[in-house]
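Descriptive structure summary
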Amino acid sequence: MKFNTKTIHGGQENIDPAYGSVMPPIYQTSTYSQSTPGGHKGFEYSRSGNPTRSALENSLASIENGKHGLAFASGLAAIDAVLKLLKPGDEIVSTNDLYGGTYRLFTSIFQNFGIKFNFIGMNNAEEIEKHITDNTKLIWVETPTNPMMNIIDIEAVSKIAKKHNVLLGVDNTFATPYLQQPLDLGADLVMHSATKYLGGHSDVVMGALVVKDDALAEKLYFIQNASGGVAGPQDSFLVLRGIKTLHLRVQRHCENGKAVAEFLNNHPKVDKVYWPGLESHPNHEIAKKQMKDFGGMVSFTTKNDNLSEAVSFVEKLKVFTLAESLGGVESLAGHPASMTHASIPVEERQKTGVLDSLIRLSVGVEDEEDLIEDLKQALS
Ligand SMILES: *Cc1c(COP(=O)(O)O)cnc(C)c1O
């Protein structure tokens, strides 16, 4: 089955044996009757499993070319479950240009439990090897990174991970499986904030993990059930519905992303544009190799690196909404230094390029001309 068919039918065989509905019913139930103790029809309690969630989990496994999908209450709950595979003394090598909430979870929660983190630039895959010790258990990668749009060569990192017998996890939120399938490139697990492109309509908070390996899936399922950060049936239904148009939406996100990146790149007030589709992007060749297209996330700085000018720019936007988050049908603008990345210390943040003037755009699926006009008036 090809990707565009998988988004609609993948893992959805025999979805409703009772009535043949084409969408799974929303099983809004906490428990299931048993004919005799243990005599149930596959579900006994909705933390452990729910048919609507299962339908979504099967779809997730299918679109990421994995075998097992797990749906969580949020993207961070999904990462939280991955980190619970580790124990005190274990080490993680992670990209330094991380989603702020992931950085906070790592440093403010798991560091307290004796897990050690090495945050490094991974543009040069060999650099990673220097930071791997006998205690390293996990390499955590975001690509494209947030908000600097760095591209990390997943295949190159996976070779290093395999050589040292370390798990490789990839946060695939920005790319989506339409653009990039990390399991095919050698990653052991893929994570999503399904809140973003998979849901796609800014109406749900959810997370996901997908793996191929049965033993790893079993461990993660144990953690999901034991810790309990599961996705609810209503939200599972919404994300499943979102996935059915993922290929159509992301294709348009990419077209509009290109138009916006090129417009900004030619604007006299704009300094740098971070979009992996630009030939000037330092990792453009890797992006071309591992991604089908370049996505709808575009960051840029202005020549005048001034906080109040950046704030006034985002306030002037009319079609773009000033808001946290990304990946919905509507265009959003964010100011990482004061919003998504406010929890990262200033020195850390500026080291990775998150300057005061940096603006991050989640380019939506509106008409391209309206988006450009809006940016033009706000920049003037
Ligand atoms: C939003 C986001 C997360 C966190 O997901 P939530 O659903 O908000 O918990 C993690 N990684 C990336 C790249 C994100 O954009």
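Residues numbered from 1 in each chain as written. Predicted model: local features only at pLDDT ≥ 70, side-chain atom pairs only at ≥ 80, totals over all residues. Heavy atoms only, no water.

Considering the overall build of the protein chain
Scanning the protein chain for helices and strands turns up 14 helices and twelve strands. On C-alpha atoms alone, the protein chain measures out to a radius of gyration of 21 Å, which is about the 21 Å that the 2.2 N^0.38 rule sets for 380 residues. Scored against the burial criterion, the 380 residues of the protein chain give a buried share of 56%. Within the protein chain, residue pairs in contact and separated by at least 24 positions form 73% of the contacts whose partners lie at least 6 positions apart. Of the accessible surface of the protein chain, which amounts to about 16200 Å², a share of 51% is contributed by carbon and sulfur atoms. Both charge centroids of the protein chain, one from 35 positive and one from 45 negative side chains, sit 3 Å from each other. (Helix = DSSP H or I, 4+ residues; strand = E, 2+ residues; numbered from the N terminus. Rg over C-alpha atoms; globule rule 2.2 N^0.38 Å. Buried < 20%, exposed > 50% of the residue type's maximum accessible area, 1.4 Å probe, protein only. Contact = heavy atoms within 4.5 Å. Areas by Shrake-Rupley, 256 points an atom, 1.4 Å probe, with all protein chains shown as cover. Lys, Arg positive; Asp, Glu negative; His and termini not counted. Charge placed at Lys NZ, Arg CZ, Asp CG, Glu CD.)

Re the pairing of strand S7 (residues 207–211)
Among the five residues of S7, five are classified as buried, and the element is accordingly described as predominantly covered. One ladder, built from five bridges, connects strand S1 (residues 68–72) with S7; its direction is antiparallel. In the sheet register, phenylalanine 72 faces S7, and the bridge partner there is glycine 207. Two elements, strand S6 (residues 189–193) and S7, share five bridges in a ladder whose sense is antiparallel. Bridging from a neighbouring strand, serine 193 pairs with glycine 207 of S7. (Pairing = 2+ DSSP bridges.)

Brief notes about helix H14 (residues 368–379)
A rise of 1.5 Å per residue sets the reference length of H14, with its twelve residues, at 16 Å; its end C-alpha atoms lie 17 Å apart and thus fit the reference within 8%. Considered for burial, the residues of H14 that qualify are Leu371, Ile372, Asp374, Leu375, Ala378 and Leu379. When H14 is viewed along its axis, its buried side chains cluster within an angular range of 160° and face the same direction. Lining the buried residues of H14 we find helix H10 (246–265), strand S8 (270–274), strand S9 (297–302), helix H12 (307–316) and strand S12 (359–362). For H14, the capping residue at the N-terminal end is aspartate 367, with a side-chain oxygen 2.9 Å from the backbone nitrogen of glutamate 369. (Expected span 1.5 Å × (residues − 1). Arc of directions from axis to C-beta. Polar contact = N/O pair within 3.5 Å; in protein donor to acceptor, adjacent residues only side chain to side chain.)

Digging into the pattern of salt bridges
A side chain of one charge can pair with a side chain of the opposite charge when the charged atoms of the two come close. For the structure on display, the rule yields 14 salt bridges. Here glutamate 129 makes a salt bridge to lysine 163, at a shortest N to O gap of 2.7 Å. One end of the pair, glutamate 129, is in helix H5 (residues 125–130); the other, lysine 163, is in helix H6 (residues 154–163), with 34 residues separating them in the sequence. Residue lysine 288 is joined to glutamate 285 by a salt bridge in which the shortest nitrogen-to-oxygen separation is 3.6 Å. (Salt bridge = Lys/Arg side-chain N within 4 Å of Asp/Glu carboxyl O.)

Notes on the nonpolar core
Counting residues in hydrophobic clusters, the biggest one holds 66 residues, and the most contacted among them are Leu264, Phe300, Phe313 and Leu361. A per-element tally of this core places H10 first, with eight residues. Built from parts of two domains, this core gets at least three residues from each of domain 1 (3–243) and domain 2 (246–379). Those residues within four positions of leucine 264 in sequence are excluded, and the remaining contacts are Val270, Val273, Val298, Phe300, Leu361 and Leu379. Listed in part, the 28 residues of the second largest apolar core include Ile79, Leu86, Phe106 and Ala217. (Core = buried A, V, L, I, M, F, W, Y, C linked by side-chain atoms within 4.5 Å. Domains from an automatic or database assignment.)

Looking at the sheet that holds S9
The sheet built from five strands is open, its strands ordered S8-S9-S12-S11-S10 with mixed pairing. Every other strand in the sheet has two partners, leaving S8 and strand S10 (321–322) as the edge strands with one partner each.

Considering the site of the ligand
The ligand sits among 14 residues. The nearest are Gly75, Asp171, Ser193, Thr195 and Lys196. At 2.8 Å from an oxygen atom of the ligand is found a side-chain nitrogen or oxygen belonging to serine 193. Considered on its own, the ligand offers 380 Å² of accessible surface; in the complex 93% of this is hidden by protein. Counted by class, the shell around the ligand contains five nonpolar, six polar and three charged residues. (Near = heavy atom within 4 Å. Nonpolar A, V, L, I, M, F, W, Y, C, P; charged D, E, K, R; others polar.)

Some words on the packing of helix H2 (residues 51–63) against helix H9 (residues 233–243)
Relative to each other, H2 and H9 sit at 35°, their axes nearing to 8 Å. H9 is crossed by H2, and the crossing has left-handed handedness. Across the interface between the two elements, Thr52, Arg53, Ala55, Leu56, Ser59, Leu60 and Ile63 of H2 pack against Pro233, Ser236, Phe237, Val239, Leu240 and Ile243 of H9. Tallied by class, the residues present in the contact of H2 with H9 amount to nine nonpolar, three polar and one charged. (Axes fitted to C-alpha atoms, helices over the stretch in contact; angles between N-to-C directions. Left-handed = near helix turned anticlockwise from the far one by under 90°.)

Here we look at unusual backbone geometry
As a rule of thumb, non-glycine residues mostly have phi less than zero, and peptide bonds are mostly trans rather than cis. Residue threonine 143 is joined to proline 144 through a cis peptide bond whose omega torsion reads -5°. Within the fold, proline 144 resides in the loop between strand S4 (136–142) and H6. With an omega dihedral of 5°, the bond running from asparagine 146 to proline 147 counts as a cis peptide bond. With respect to the helices and strands, the residue proline 147 is situated in the loop between S4 and H6. Phi is positive for asparagine 165, which is not a glycine, with a value near 60°. Examined against the element boundaries, asparagine 165 turns out to sit in the loop between H6 and strand S5 (167–171).

Keep in mind these values describe shape, not function.
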